[in-house]
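Chain residues, written in single-letter form:
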Amino acid sequence: MRFRVRKAAHFLERTGLALAGAACGTFVGAHVGTSFVALTTIGFLLGMIGLGAIGFYLGIDIPPLPFHDAEEESRARGKIDAAEFLSAFGTFLATLAAFVSVSAVVLRLNLHTAWSSLILIGWLAGVTMQITAGAIARIRRARAH
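Residues numbered from 1 in each chain as written. Predicted model: local features only at pLDDT ≥ 70, side-chain atom pairs only at ≥ 80, totals over all residues. Heavy atoms only, no water.

Asks: Help me understand the overall build of the protein chain in this model?
Replies: Secondary structure summary: the protein chain contains five helices and zero strands in total. Along the chain direction, N to C, the helices and strands of the protein chain fall in the order α-α-α-α-α. Relative to its 145 residues, the protein chain shows a buried fraction of 30%. Considering only residue pairs separated by 6 or more positions, the protein chain has 82% of its internal contacts joining residues 24 or more positions apart. For the protein chain, the exposed area adds up to about 9400 Å²; of that, 70% sits on carbon and sulfur atoms. (Helix = DSSP H or I, 4+ residues; strand = E, 2+ residues; numbered from the N terminus. Buried < 20%, exposed > 50% of the residue type's maximum accessible area, 1.4 Å probe, protein only. Contact = heavy atoms within 4.5 Å. Areas by Shrake-Rupley, 256 points an atom, 1.4 Å probe, with all protein chains shown as cover.)

Asks: Can you walk me through the layout of surface pockets in this structure?
Replies: Rolling a probe over the atoms, with the probe sized like a water molecule, indicates the empty space that remains. When its volume is computed, the second largest pocket comes out at roughly 190 Å³. Considering the residues around the second largest pocket, the lining is formed by Lys7, His10, Phe11, Arg14, Tyr57, Asp61, Pro63, Ala137, Arg138 and Arg141. Those elements that provide at least two residues to the lining of the second largest pocket are helix H1 (2-35) and helix H5 (113-144). Examining the composition of the lining of the second largest pocket, we find that four residues originate from one element, H1, more than from any other. Across the lining of the second largest pocket, the residue classes tally to four nonpolar, one polar and five charged. (1 Å grid on protein atoms, 1.4 Å probe; cavity = no way out; pocket = protein on both sides within 12 Å on 5 of 7 lines; lining within 4 Å. Points joined across faces, edges and corners; volume = space filled by probe spheres on them. Nonpolar A, V, L, I, M, F, W, Y, C, P; charged D, E, K, R; others polar.)

Asks: What am I meant to see in the packing of H1 against H5 here?
Replies: Packed helices, taken two at a time, are described by their axes: the angle between them and the distance between them. Two elements in contact, H1 and H5, have axes separated by 9 Å at closest approach and are oriented at 155°. Viewed along their axes, H1 and H5 adopt a mutual orientation that is roughly antiparallel. Crossing hand, H1 versus H5: left-handed. Seen from H1, the contacting residues are Arg14, Gly21, Cys24, Gly25, Val28, His31, Val32 and Ser35; seen from H5, they are Thr113, Ser116, Ile119, Leu120, Trp123 and Arg138. The class makeup of the residues in the contact of H1 with H5 is six nonpolar, six polar and two charged. (Axes fitted to C-alpha atoms, helices over the stretch in contact; angles between N-to-C directions. Parallel < 35°, antiparallel > 145°, perpendicular 65-115°, else oblique. Left-handed = near helix turned anticlockwise from the far one by under 90°.)

Asks: Explain the pattern of salt bridges to me, please; I cannot follow it from the model alone.
Replies: Where charged atoms from two side chains of opposite charge approach closely, those side chains can pair. What the rule picks out here adds up to one salt bridge. Notably, a salt bridge pairs Asp81 with Arg140, separated by 2.8 Å at the nearest N-O pair. You can see Asp81 sitting in the loop between helix H3 (70-75) and helix H4 (82-106) and its partner Arg140 sitting in helix H5, a full 59 residues away along the chain. (Salt bridge = Lys/Arg side-chain N within 4 Å of Asp/Glu carboxyl O.)

Asks: Even after reading the chapter, I still don't get the packing of H4 against H5, so can you show me in this structure?
Replies: The N-to-C vectors of H4 and H5 enclose an angle of 150°; their axes lie 7 Å apart at closest approach. When the axes of H4 and H5 are compared, the pair comes out roughly antiparallel. The handedness of the crossing between H4 and H5 is left-handed. Across the contact of H4 with H5, the residue classes break down as 16 nonpolar, eight polar and one charged.

In structure tokens form, the structure reads like this:
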């Protein structure tokens, strides 16, 4: 019973993260759509929502690499865990883009198209990093088992 409750709690947590990503994608899509007429389509907005949901579902809850003995740890000291780094930096970029988008929408700011382009690039780079981090972590976990 405890295992099922734990699995259900983890699923709810991941679903909540996906919803947060979808909400972020909604705001970025709405803001960018106001700056670029060609991006005011439902397809673009749904794509932004979908990317946010997938990125936040896959890329936020990345388990770190397991600890090893002292000798192996000293050899790996200079190495960076790609999944952990991509997850952290991607989450930062995506949420920063969403925060700026929400601020622009709520404060009714008319940002220059260059800023809107940077927001879109930051969002896309961030969710791409999250998705990549999630894929790396899942491949790594599959190989370990």
